[in-house]
Amino acid sequence: MAPSTPGMHKSSPPADPRTAASRGAVAPTSGRVERLMRTRLRGAVDGAVPECTGSMVTGVWCLDHEGRPTGLTAASLLDQTLATSIRAAAPDLTWMVTTELQLNFLAPLPADGTVLEAWTRSGFVDPRGGVSFGSLRGPDGREHVHAVGWFQTVGPTPAGALDHFNRMGALPLGPESDVTLDRLLGMRSPASSPAGGKPANAEGFLRGPDFPAVDEFMNRNGTVHGGAMTMMAGLAAHAATPAPDHFDLQSLRMVFLRPSTGPIATRARIRHAGRSLCSVDVELFSIRTTPWNPASRGSETARRENLDKAFETKPVAQAHALFRPAR
């Protein structure tokens, strides 16, 4: 099981009430995922105490494919800010990847322009990585999401990856980016719900939605952003529930097994579907490409046709989602 999230009182900022940004900490560079989710990253000074390490503006991108509020949009901000606290506590850990991300959704995200803040702190660090804790809070101190992130050191960024990351982060936001989360992520062909309402427990997985447009979603390490993959897994899990409009996402645990560098295919399995709880497993598969080298990835049509072949490989990530009755 993933570790439980420790409680953070909504009125418990660090001893110094100023944000890390106002105290001169260097803010991390934002990529395309951060810009699409309207997040602003800040540096951390201490890392071991709760600090405001980032914020996000809410809007239509905080709605799912059913047009309902979803906390999944916060995955990008929390994935980044949890890592920020680890780096502040252990500056030598320059190159890291997320190995596990646990999100607990406490309250729906608004979609009205409200600014939400991420407060994070490190819990434990050693030469191989560490764990950090955080929460997403509204202007009134209300907590919307709790988060736990595990991180592990890796080698330096591959050649070309950082240039691609910076180019994608510099792309402008236009009308096409003022859309719901599923459209931002390029979600297509969602899995159809089982017929007849409440299904029996399924032993096998059923095909879920694909996410073919991931070139923009690479992190500075040259792999698909962990926050983007978390959002994809959550959408795939929700699409697999027998009555998506009857359930709200309660928690999502992501385990990142291998780096992904290409389009994402998903499959889901309903472990339990009752009136008060729905449990769904999701696996993500990837076609390996090199997004910053156009010659290596072929046409968009070829990539879509090859998504089926992704299931012949090992999954790049696994997720477990719990849903409770909609409020």
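All of these numbers come straight from a predicted model, not from anything done at the bench. (Residues numbered from 1 in each chain as written. Predicted model: local features only at pLDDT ≥ 70, side-chain atom pairs only at ≥ 80, totals over all residues. Heavy atoms only, no water.)

**A closer look at the sheet that holds strand E11 (residues 317-325)**
We apply this condition: Here a strand pair is declared whenever DSSP counts at least two bridges between the two strands. Comment: elements are numbered from the N terminus, with helices defined as DSSP H or I runs of at least four residues and strands as E runs of at least two. Whenever a helix is involved, its axis is fitted only over the stretch in contact; in every case the axis is a line through C-alpha atoms, and angles between N-to-C directions fall within 0 to 180 degrees. We call two residues contacting when some pair of their heavy atoms lies within 4.5 Å.
Taken in spatial order, the 11 strands of this open sheet run E1-E2-E4-E5-E6-E3-E8-E11-E10-E9-E7, and their pairing is antiparallel. Looking at strand neighbours, the two that pair on one side only are strand E1 (39-41) and strand E7 (206-211), the edges of this open sheet. With strand direction ignored, the average angle separating the axes of adjacent strands in the sheet is 25 degrees. Relative to strand E4 (residues 115-126), strand E2 (residues 51-57) runs antiparallel, the two being bridged by six bridges. Looking across to E4, one finds that Glu51 is bridged to Thr120. The strands touched by helix H2 (residues 74-89) are E1, E2, strand E3 (96-105), E4, strand E5 (129-137) and strand E6 (143-153); relative to E4, the strand with the most contacts, the crossing angle is about 40 degrees. Seen against the sheet, helix H5 (residues 226-240) touches E3, E7, strand E8 (247-256), strand E9 (264-273), strand E10 (278-286) and E11 and runs at an angle of roughly 135 degrees to E8.

**Comments concerning the pattern of salt bridges**
What counts here: One side-chain nitrogen of Lys or Arg within 4 Å of one carboxyl oxygen of Asp or Glu is enough to make a salt bridge. Classification of residues uses two cut-offs on accessible area relative to the type maximum, computed with a 1.4 Å probe and protein chains only: under 20% is buried, over 50% is exposed, and between them is partly exposed.
Taken as a whole and judged by the stated rule, the model has 10 salt bridges. The partner of Glu216 in a salt bridge is Arg32, and the shortest N-O contact between them spans 3.2 Å. In this pair, Glu216 sits in the loop between E7 and H5 while Arg32 sits in helix H1 (residues 32-36), placing the two residues 184 residues apart along the sequence. With a relative accessible area of 30%, Glu216 lands in the partly exposed category. The salt bridge involving Asp248 is made with Arg68; its shortest N-O contact spans 2.4 Å. One end of the pair, Asp248, is in strand E8; the other, Arg68, is in the loop between E2 and H2, and 180 residues separate them in sequence. Overall, the relative accessible area of 17% leaves Arg68 in the buried class. The network of salt bridges with common partners includes Arg188, Arg207, Asp210 and Asp308.

**Remarks on H2**
Under the convention used in this document: Here, expected helix span is obtained from the residue count minus one, scaled by 1.5 Å.
Across its 16 residues, H2 extends 23 Å between first and last C-alpha, which sits within 8% of the 22 Å expected from 1.5 Å per residue. Judged by how many residues are buried, H2 sits mostly within the fold: 14 of 16 residues are covered.

**Re the packing of H2 against H5**
Defined as follows: Throughout, a crossing is termed right-handed when the near helix is turned clockwise from the far one, and left-handed when it is turned anticlockwise from it by less than a right angle. Only Asp, Glu, Lys and Arg are considered charged, only Ala, Val, Leu, Ile, Met, Phe, Trp, Tyr, Cys and Pro nonpolar, and every remaining residue, Gly among them, polar.
The N-to-C vectors of H2 and H5 enclose an angle of 145 degrees; their axes lie 8 Å apart at closest approach. Here H2 runs over H5; the crossing is right-handed. Contacts from Ala75, Ser76 and Asp79 in H2 reach Gly226, Gly227, Thr230 and Met231 in H5. Each residue belonging to the contact of H2 with H5 can be placed in one class, and the counts come to two nonpolar, four polar and one charged.

**Some remarks on the confidence of the model for the chain**
Rules: A residue's pLDDT is the predictor's confidence in that residue, given on a scale from 0 to 100.
Here the chain shows a mean pLDDT of 84. Residues at 70 or above account for 82%. In this model residues 1-18 is a low-confidence stretch, pLDDT under 50, and it forms 38 contacts with partners more than four residues away in sequence or in other chains. Per-residue pLDDT stays below 50 along residues 190-202; that stretch engages in 25 contacts with residues further than four places along the chain or on separate chains.

**Structural notes on the side chain of His164**
Definition in use: In the analysis that follows, any N or O atom pair within 3.5 Å is treated as a polar contact, provided that within protein one partner can donate a hydrogen and the other can accept it, and provided that, for residues neighboring in sequence, both atoms belong to side chains.
Along the chain, His164 falls in helix H3 (residues 161-169). The buried category is assigned to His164, whose relative accessible area is 4%. Only 2.7 Å separates the side chain of His164 from the backbone oxygen of Asp215, close enough to count as a polar contact.

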